[in-house]
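Examination of the molecular architecture
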Amino acid sequence: MPRTLDDARRWARLGTELFLGAVGTGSDEPSALPGWSRAHLVAHVAANADALGNLVQWAATGEPTPMYASPEERAQGIERGRALPAAELAAWLRHSADALDKGMAALGEGEWRAAVVTAQGRTVPAAEVPWLRAREVCVHAVDLATTVTFTDLPDDFLKALCDDVVAKRSAAPGPAVTLRTPTAAWDLPGEGEPRLVTGELPDLAAYLTGRGTCPGAPVLGPWL
């Protein structure tokens, strides 16, 4: 079943709550992302809310407002953020999340259909913004490497995530893989005979996003 705007907004709120609850106090401790501390990850998620807020503003006003001025500006913002005192970083995280949620709540039906451009250069309707945020906060809540795992994420979100990742990976095929859970299935096109990979939904979501392994599964390249 295709995800809806209401689904994406629900997942975005849930993911934000999970991320905020998982942040903890050890901001200098490593996250699950190589080379990044938890402070890096918090700054990244806070900056992402501000950036997606730019797209919401674009949809509301019709004035083009890019997510980031440049990739360099994006990276510099994360570095500045991760160096903030813990209380200031936490305040930025909460304020940016609240502002994004309020901005989305104010959009009308026509504004949700407005075309905006993502940081990857894709032109999408503004209705894609809640999904981009849901994906960001839910997956990065796991990346904090504190309390949240893929088993804490709802099945409908995990299925939508797998749909999204499979679509992106299919555009740049690697090894052919057939993925099966008790309730869902996906096919990754690619080279050679498809390798059958079975498991529970959280395990396959972790594998597809590069955050887990499955027995007998080939190594996949980067997802985003």
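Residues numbered from 1 in each chain as written. Predicted model: local features only at pLDDT ≥ 70, side-chain atom pairs only at ≥ 80, totals over all residues. Heavy atoms only, no water.

Some thoughts on the environment of W223
Put simply, the rule reads: Helix numbering and strand numbering both begin at the N terminus, where a helix is a DSSP run of H or I of at least 4 residues and a strand a DSSP run of E of at least 2. Burial classes follow relative accessibility: with a 1.4 Å probe on protein chains only, a residue under 20% of its type's maximum area counts as buried, one over 50% as exposed, and anything between as partly exposed. Between two residues, a contact is recorded if the distance between any of their heavy atoms is within 4.5 Å.
Topologically, W223 is positioned in the segment after α8 (201-208). Looking at W223, the relative accessible area reads 14%, which means it is buried. Linking W223 and T209, residues 14 residues apart in sequence, is a C-alpha distance of 6.0 Å. If we skip the residues at most four places from it in the chain, W223 touches R135, L161, D164, V165, K168, R169, L208, T209 and R211.

Some words on the environment of S31
Here is the rule: Throughout this description, a polar contact denotes any pair of N or O atoms lying within 3.5 Å of each other; where both atoms belong to protein, one of them has to be capable of donating a hydrogen while the other can accept it, and for residues adjacent in sequence the pair is counted only when both atoms sit in side chains.
Tracing the backbone shows S31 in the loop between α1 (5-22) and α2 (38-61). Take S31: its relative accessible area is 11%, and that puts it in the buried class. With 132 residues separating them in the primary sequence, S31 and D163 have C-alpha atoms 26 Å apart. With residues near it in sequence (within four places) discarded, S31 still touches W36, S37, R38, L41, D143, L144 and A145. A polar side-chain atom of S31 sits 3.1 Å from the main-chain amide nitrogen of L33. A polar atom in the side chain of S31 sits 2.9 Å from the backbone oxygen of W36.

Things to note about the side chain of T65
Counting through the fold element by element, T65 comes out in the loop between α2 and α3 (71-82). Separated by 2.9 Å, the side chain of T65 and the backbone oxygen of E63 make a polar contact. Ignoring any residue separated from it by four or fewer positions in sequence, one finds T65 in contact with N54, L55, Q57 and W58.

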